[in-house]
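Chain by chain, the residues run as shown.
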Amino acid sequence: MAIKEGEKLPEANLFVLSEGRPTQLSVNDLTAGKKTVIFAVPGAFTPTCSEQHLPGYVRNLSELKAKGVDEVVCVSVNDPFVMDAWGKDRNAEGIVMASDGNGEFAESLGLVMDGSGFGLGKRSQRYAMIVDDGVVSKLAVESAGGFDVSKAESILEAL
């Protein structure tokens, strides 16, 4: 069952690359006392994710911050080295490029998709959420193959 608006995020860890090494990052620490936008993509360097989803957040980062967002986090079921390289490739400075390498965060949210038919294995569904002090205040999950409700412009409207 998928997480719902009004619910607290589950305790989970993500990973980022820090000084060339994978570093654990607690989701609870990342969101405590802050307004955070977390958006998830099925995979780094994949077409919609690379050409539209992440670039939309890069373009709109200052507007998100102007609306009170403290942190923007991009999550994917990729390793932290890939997430770091993808962030650099897409000029995503200011966005936390977080690895959910084992898919544990996606699973704890109930937002897993099976991309086995495309050789991707289990991945995160495409979504975005607004999190206020660890509680989901807005959840926008895309339908299969969709890209509308989780894009940066839609989250800006929701703020």
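Our structure is the block above this text.
As the structure is a computational prediction, the values presented were derived from the model and not from experiment.

**Q** Describe the overall build of the protein, listing the residues and the values that go with them.
**A** A tally of helices and strands in the protein yields six helices and nine strands. Taking 15 Å as the expected radius of gyration for a compact globule of 159 residues, we find that the protein reaches 14 Å, a close match to that expectation. Overall, the C-alpha framework of the protein stretches about 35 × 35 × 30 Å when taken along its three principal axes. Scored against the burial criterion, the 159 residues of the protein give a buried share of 46%. The long-range share in the protein, meaning contacts at least 24 apart out of those at least 6 apart in sequence, stands at 61%. By element, 48% of the accessible surface of the protein is carried by carbon and sulfur atoms, the whole surface being about 7,500 Å². Treating the 15 positive side-chain charges of the protein as one cloud and the 23 negative ones as another, the clouds have centres 2 Å apart.

**Q** Tell me about the pairing of strand β9 (residues 135-141), and name the residues and values.
**A** Across six bridges, the pairing between strand β8 (residues 127-132) and β9 is antiparallel. Paired with Y127 across the strands is V141, a residue of β9. Hairpin remark: β8 followed by β9, antiparallel, with two residues in the connecting loop; positive phi at D133, about 50 degrees.

**Q** Break down the layout of surface pockets for me, citing the residues and quoting the values.
**A** Estimates place the volume of the largest pocket at around 370 Å³. As for the largest pocket, its lining consists of 17 residues, of which P42, M113, R126, A144 and G145 are closest to the centre. At the level of secondary structure, the elements contributing two or more residues to the lining of the largest pocket comprise α2 (47-59) and β6 (112-114). Per-element tally for the lining of the largest pocket: the top contributor is α2, with three residues. Partitioning the lining of the largest pocket into residue classes produces eight nonpolar, six polar and three charged.

**Q** Requested: an account of unusual backbone geometry, with residues and values cited.
**A** Its identity is not glycine, yet E19 carries a phi of approximately 55 degrees, on the positive side. The topology assignment puts E19 in the loop between β1 (13-18) and β2 (21-26). We note that D133 has phi near 50 degrees; this positive angle belongs to a residue other than glycine. With respect to the helices and strands, D133 occurs in the loop between β8 and β9.

**Q** Report on the nonpolar core, specifying residues and quantitative values.
**A** Of all hydrophobic cores here, the largest spans 23 residues; its most connected members are F39, Y57, V72, C74, W86 and I95. Once residues lying within four places of it in the same chain are set aside, the contact partners of F39 are H53, L54, Y57, V72, V73, C74, V75, I95, Y127 and A128. By size, the runner-up hydrophobic cluster in this structure holds 21 residues, among which are I3, L111, Y127 and L139.

**Q** An account of the pattern of salt bridges is needed here, citing residue identities and associated values.
**A** This structure, assessed with the given rule, holds six salt bridges. With its nearest N and O atoms 3.7 Å apart, the salt bridge here joins R59 to E153. Of the two residues, R59 is situated in helix α2 and E153 in helix α6 (residues 152-158); the sequence distance between them amounts to 94 residues. D148 is paired through a salt bridge with K151; the nearest N and O atoms lie 3.7 Å apart. Its relative accessible area of 44% is what places D148 among the partly exposed residues. In this structure K151 comes out as partly exposed when scored by relative accessible area, which is 26%.

Conventions and cut-offs
Residues numbered from 1 in each chain as written. Predicted model: local features only at pLDDT ≥ 70, side-chain atom pairs only at ≥ 80, totals over all residues. Heavy atoms only, no water. Helix = DSSP H or I, 4+ residues; strand = E, 2+ residues; numbered from the N terminus. Rg over C-alpha atoms; globule rule 2.2 N^0.38 Å. Buried < 20%, exposed > 50% of the residue type's maximum accessible area, 1.4 Å probe, protein only. Contact = heavy atoms within 4.5 Å. Areas by Shrake-Rupley, 256 points an atom, 1.4 Å probe, with all protein chains shown as cover. Lys, Arg positive; Asp, Glu negative; His and termini not counted. Charge placed at Lys NZ, Arg CZ, Asp CG, Glu CD. Pairing = 2+ DSSP bridges. 1 Å grid on protein atoms, 1.4 Å probe; cavity = no way out; pocket = protein on both sides within 12 Å on 5 of 7 lines; lining within 4 Å. Points joined across faces, edges and corners; volume = space filled by probe spheres on them. Nonpolar A, V, L, I, M, F, W, Y, C, P; charged D, E, K, R; others polar. Core = buried A, V, L, I, M, F, W, Y, C linked by side-chain atoms within 4.5 Å. Salt bridge = Lys/Arg side-chain N within 4 Å of Asp/Glu carboxyl O.

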